[in-house]
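Observations on the model geometry
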Amino acid sequence: MAFEKHDPIQMLGLKLPTDPRWVNIVEKNVEEILTDHAYCEQKAASTAISLIVSFPEYTELVTEMTDLVQEEMSHFRMVHDRIIEHGWIMGRDRKDEYVIAITKFFPKGGSRTTQLVHRLLYAALIEARSCERFRLLSEELEDKKLAQFYRKLMISEAGHYTMFLGFARKYGDRKEVDEKWQELLTFEAEVMKDLSKNESIHG
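Residues numbered from 1 in each chain as written. Predicted model: local features only at pLDDT ≥ 70, side-chain atom pairs only at ≥ 80, totals over all residues. Heavy atoms only, no water.

**Overview of the layout of surface pockets**
- In this structure, the largest pocket encloses a volume near 470 Å³.
- What lines the largest pocket is a set of 24 residues, among which Lys43, Ala44, Thr47, Val99 and Ile126 lie closest to the centre.
- Those elements that provide at least two residues to the lining of the largest pocket are helix H3 (30-54), helix H4 (59-85), helix H6 (112-140) and helix H7 (144-171).
- In terms of residue count, H3 provides more of the lining of the largest pocket than any other element does, eight residues in total.
- In the lining of the largest pocket, the residues fall into 11 nonpolar, six polar and seven charged. (1 Å grid on protein atoms, 1.4 Å probe; cavity = no way out; pocket = protein on both sides within 12 Å on 5 of 7 lines; lining within 4 Å. Points joined across faces, edges and corners; volume = space filled by probe spheres on them. Helix = DSSP H or I, 4+ residues; strand = E, 2+ residues; numbered from the N terminus. Nonpolar A, V, L, I, M, F, W, Y, C, P; charged D, E, K, R; others polar.)

Put into structure tokens, the structure is as follows:
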């Protein structure tokens, strides 16, 4: 995904960019952001495992999620190694207010297909926002080594976003899925207005 030639917000579908001042918060709390990031990678792996357990009949999805589990845990290891390099110890997990907020958008229940589509759209959105945040870090962090680290991860997140959205469109009605996606993006923009204020990947 060539961000250099295109507006990343437009390409990712996001309707509200992260406040650039968020990077200043990160710069002052690198230890906290790395701990939060490490848990985000764990949760991403857990999401992939949950999709395998919940929807085993979707063979292509299961295959892709199997690969994703391994990739996300390798990312966790990379982040944890960064923590160790600084002489820090990974802190405890904390609530992800962003994820809690957006996953309340779709109503509970519905058919298995509907439940699957909703979960895939949530996953696509989280990856898209992570990608946008990682791009910002890659461009604005004064620590160039850490900036390069986030650029590599940004590319992976972009691929995950397109994969999840592609599966949602494949397994659901394309028109209906696209309408839900736009509604979710609009809702997420409202959620983002109250965030970008602390040292977390999504907060």
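Now that the structure has been shown, the text picks up again.
**Some points on the pattern of salt bridges**
- Taken as a whole and assessed by the stated rule, the structure comprises 14 salt bridges.
- Where Arg77 meets Asp81, a salt bridge forms, and the shortest distance between an N and an O atom there is 3.1 Å. Remark: Asp81 and Arg77 occur in helix H4; sequence separation between them is four residues, near one turn of the helix.
- The exposure class assigned to Arg77 is exposed, which follows from its relative accessible area of 53%.
- Residue classification places Asp81 among the partly exposed residues on the basis of a relative accessible area of 28%.
- Between Lys145 and Glu85 there is a salt bridge, with the nearest N and O atoms lying 3.8 Å from each other. Note that Lys145 is positioned in helix H7 and Glu85 in helix H4, a separation of 60 residues in sequence. (Salt bridge = Lys/Arg side-chain N within 4 Å of Asp/Glu carboxyl O. Buried < 20%, exposed > 50% of the residue type's maximum accessible area, 1.4 Å probe, protein only.)

**A look at the side chain of Ser130**
- With respect to the helices and strands, Ser130 occurs in helix H6.
- At 2.8 Å, the side chain of Ser130 and the backbone oxygen of Ile126 are in polar contact.
- Excluding its chain neighbours within four sequence positions, the residues that come into contact with Ser130 are Glu157, Ile201 and His202. (Polar contact = N/O pair within 3.5 Å; in protein donor to acceptor, adjacent residues only side chain to side chain. Contact = heavy atoms within 4.5 Å.)

**Let's talk about the nonpolar core**
- Counting 60 residues, the largest nonpolar core has Leu120, Leu121, Tyr150, Phe164 and Trp181 as its most contacted members.
- Of all the elements in the fold, those that place two or more residues in this core are helix H2 (22-28), H3, H4, helix H5 (97-102), H6, H7 and helix H8 (174-192).
- Leu120 has contacts with Leu51, Leu61, Phe164, Phe167, Ala168 and Tyr171, leaving out every residue within four places of it along the chain. (Core = buried A, V, L, I, M, F, W, Y, C linked by side-chain atoms within 4.5 Å.)

**Here we look at H6**
- In a regular helix each residue adds 1.5 Å, so 29 residues correspond to 42 Å; H6 covers 42 Å between its end C-alpha atoms and thus fits that length.
- Taken across its 29 residues, H6 has 21 buried, putting it largely inside the fold. (Expected span 1.5 Å × (residues − 1).)

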